[in-house]
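Here are the chains, one letter per residue:
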Amino acid sequence: RKLVLQKDDKGIHQRKLKKSLIDMYSEVLDILSDYDASYNTQDHLPRVVVVGDQSAGKTSVLEMIAQARIFPRGSGEMMTRSPVKVTLSEGPHHVALFKDSSREFDLTKEEDLAALRNEIEIRMRKSVKEGCTVSAETISLNVKGPGLQRMVLVDLPGVISTVTSGMAPDTKDTIFSISKAYMQNPNAIILCIQDGSVDAERSIVTDLVSQMDPHGKRTIFVLTKVDLAEKNVASPNRIQQIIEGKLFPMKALGYFAVVTGKGNSSESIESIKDYEEEFFQNSKLLKTCMLKAHQVTTRNLSLAVSDCFWKMVRESVEQQADAFKATRFNLETEWKNNYPRLRELDRNELFEKAKNEILDEVISLSQVTPKHWEEILQKTLWERVSTHVIENIYLPAAQTTNSGTFNTTVDIKLKQWTDKQLPNKAVEVAWGTLQEEFSHFMTEKKGKEHDDIFDKLKQAVKEESIKRHKWNERAEDSLRVIQHNALEDRSISDKQQWDAAIHFMEDTLQSRLKDTESVIEDMVGPDWKKRWLYWVGRTKEQNIRNETKNELEKMIKCNEDHAAYLANDEVTTVRKNLEAKGVAVDPCLIKDTWHQVYRRHFLRTALSHCNLCRRGFYYYQRHFVDSELECNDVVLFWRIQRMLAITANTLRQQLTNTEVRRLEKNVKEVLEDFAEDSDKKVKLLTGKRVQLAEDLSEMEVLRSGFFLSGNKSCLYF
């Protein structure tokens, strides 16, 4: 009842929720069929299963009970290709409608009947997969009308003995499998249809039914086409033996004989009923007492089946409710033992809780302080571009001989860098920073309140939101202009800015010097102190490198203003000096070692110069007139530092004003999509706790759905 109401609230069923008992029961069967098959709940509740040989009149009997020609028909060919669940109930108008449709077919109008038959045939054909003849997929149909007996019947494909041309090879086995699946339900009523116009020995279905219900406690036997049987059977006693259950080993609760027309597909239900009543009134079988009055006509059959159905419902639902109660108790005990301090939240409830947490975390992202954004952006951006600034801009310019060449080289390289690489790098840094902050809030452990059951869901939401996020493309162009203007400015206004530039330059050079010394140490191996303390030695190549390094250091000591590159004659001189010491060395190794040795010398010299420039702000204000001190490299680092600060501020504004809000919108969209995708929720919210809560939730719905009132004729859901 809860699930039916929820569906109606969501607009799935547009019609008014004013359902009869049998309608509610039918919908519960549909709901149960979607639940976890481990409970087998859908197989334990009663329904009337209609089975019979192909063309035995099975569908015709069902139509007589429903009082409408609702099924497709053919001449000897298989028409029922999938199970059809028909729910019969009383109503003022004779109508039919499918479970998943709001259209009502008026069964009193021939055009609606034709449309209904066509729709059933289309649904059957759609349910049959390619290469198959029949399908196990159930078509659910509700039929209402005056005087209809309330019950749920399932019309199954007719049992065949031989696979004919045009059928899939496994058709016979598939039909047997479908029939057995329905009949093995211990509470299913089996309506066994036998064709009275053919020899009883040719029937297959009676053997199948006797296997599934050997004691006949839930089987009702129906002999069809009795009018033809009376004409064709030489001994009427044979019909009496069938109805008395003496001809077959199969046993049944009751035996009925019916007539379902003269074989004309255009006959109406009324004309068939009249013909049936007329036949039995004049039949020798009744006159000679071979058949009893309560055993004939489809009306008596319908009443008997309905009574048997509701009797079975009352008994089975009580048993099922007790079983649900016991299972619920076991699940509750398991929950209390494993999760005593946690609420029983099923998957949907857990998702809502996780959704609220995620939205709170996204809101926290918008509350990050501007100072924090700018600090982390400036630091990260410098880490990304520092190598390019030192290697491609500062070092080539600093190795020139005069200040004019230095400034020209720097300006050219800065412009090239700004035009091609810098804005893109800055946007990448901002996007990466936003992702890191977002990930930090999403994955941050919140002490005792943290619930790791949401981690997988949060990770998926984070990844999908980031995947959907697109950075504003126009941001790069505007950033290029801002960066270019910032780098053009060479004016340092006060001593504080000068000292900040000195400090920035000093930190950068010391970091590079430390890296260079580490590379040299790897090249030449451990020094004497480490060899003595840690008892390690140098390799042959490291010894060669060390000798080469010593020779190159002598060269630099003789000429501290040496150029950045070795001349060929200098390489030859070093090689000969090493050969004189018995060290054979390749020229490429000399050049490679020189690069690191000179780099260390240059960085040490630059640091010394940086220290001298601490008192250079006065000379800078006078444009270094009448002074031997040149501090153009300090001005370069100030320009870089100022550009980093302005870029970080610009990116911070874009993050807080635009990108964080867009990311928040993406998160909400992802959560909405995940909320509608049940498979996604099953995949992301997993574990014993979730499954146990799901089991508890399902069992509560099932248990609360079944109870009997004092009046046994009424069942409430």
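Quick note: structure is the one above.
What comes next concerns the included structure. (Residues numbered from 1 in each chain as written. Predicted model: local features only at pLDDT ≥ 70, side-chain atom pairs only at ≥ 80, totals over all residues. Heavy atoms only, no water.)

1. Observations regarding the pairing of strand β5 (residues 139-145)
Sheet faces and side chains relate simply in a regular strand, where the side chains alternate between the two faces.
In step 1: Burial within β5 is extensive, with six of its seven residues counted as buried.
In step 2: Pairing of strand β2 (residues 84-90) with β5 involves seven bridges; the strand directions are parallel. Counterpart to leucine 88 in the pairing with β5 is valine 143. (Buried < 20%, exposed > 50% of the residue type's maximum accessible area, 1.4 Å probe, protein only. Helix = DSSP H or I, 4+ residues; strand = E, 2+ residues; numbered from the N terminus. Pairing = 2+ DSSP bridges.)

2. Section: a negative patch on the surface
In step 1: A cluster of acidic residues, Glu270, Asp274, Glu277 and Glu278, forms a negative patch at the surface.
In step 2: Considering the arrangement of structural elements, one finds aspartate 274 in helix α9 (residues 269-282). (Patch = residues over 30% accessible without salt bridge, like charges linked within 9 Å, V, L, I, M, F, W, Y side chains within 5 Å. Areas by Shrake-Rupley, 256 points an atom, 1.4 Å probe, with all protein chains shown as cover. Salt bridge = Lys/Arg side-chain N within 4 Å of Asp/Glu carboxyl O. Lys, Arg positive; Asp, Glu negative; His and termini not counted. Charge placed at Lys NZ, Arg CZ, Asp CG, Glu CD.)

3. Some details on the sheet that holds strand β3 (residues 95-98)
In step 1: Pairing within the open sheet is mixed, and its nine strands lie in the order β4-β3-β5-β2-β6-β1-β7-β8-β9. On the outer flanks of this sheet lie β4 (105-106) and β9 (254-257), each paired with one strand and no other.
In step 2: The pairing of strand β8 (residues 219-224) with β9 spans four bridges and is parallel. Paired with isoleucine 220 across the strands is glycine 254, a residue of β9.
In step 3: Strands β1 (48-52), β7 (189-195) and β8 of the sheet are contacted by helix α6 (residues 205-212), whose axis makes an angle of about 160° with β7. (Contact = heavy atoms within 4.5 Å. Axes fitted to C-alpha atoms, helices over the stretch in contact; angles between N-to-C directions.)

4. Let's talk about the pattern of salt bridges
In step 1: Taken as a whole and judged by the stated rule, the model has 36 salt bridges.
In step 2: Across the pair lysine 458 and glutamate 361 runs a salt bridge, and its minimum N-O distance is 3.0 Å. Note that lysine 458 is positioned in helix α16 (residues 455-468) and glutamate 361 in helix α12 (residues 347-365), a separation of 97 residues in sequence. In this structure, lysine 458 and glutamate 361 share a single accessibility class: buried.
In step 3: With a shortest N-O distance of 3.0 Å, lysine 415 and aspartate 419 are connected by a salt bridge. Pair noted here: lysine 415 and aspartate 419 are both in helix α14 (residues 403-420), with a separation of four residues, about one helical turn.
In step 4: Accessibility expressed as a relative area gives 44% for lysine 415, which makes it partly exposed.
In step 5: Linked through salt bridges whose partners overlap, the residues forming this network are Asp100, Glu119 and Arg123.

5. Quick word on the state of the cysteines
In step 1: Summed over the entire model, instances satisfying the criterion amount to one disulfide.
In step 2: Here cysteine 613 is linked by a disulfide to cysteine 631, with a sulfur-sulfur distance of 2.2 Å. Linking cysteine 613 and cysteine 631, the disulfide has an S-S dihedral of approximately -100° and is accordingly described as left-handed. Here cysteine 613 is found in the loop between α22 (587-612) and α23 (617-621), whereas its partner cysteine 631 is found in the loop between α23 and α24 (632-676), with 18 residues between them in sequence. (Disulfide = S-S within 2.5 Å.)

6. Regarding the nonpolar core
In step 1: Grouped together as the largest cluster of nonpolar side chains are 97 residues, with contacts concentrated most on Tyr394, Trp417, Val461, Trp498 and Ile640.
In step 2: Of the residues forming this core, the biggest block, 17 residues, is contributed by α24.
In step 3: Dropping the residues within four chain positions of it, isoleucine 640 is found in contact with Trp382, Val389, Leu414, Trp417, Leu487 and Phe504.
In step 4: With 46 residues, the next largest nonpolar core counts Ile65, Ile70, Phe105 and Ile139 among its residues. (Core = buried A, V, L, I, M, F, W, Y, C linked by side-chain atoms within 4.5 Å.)

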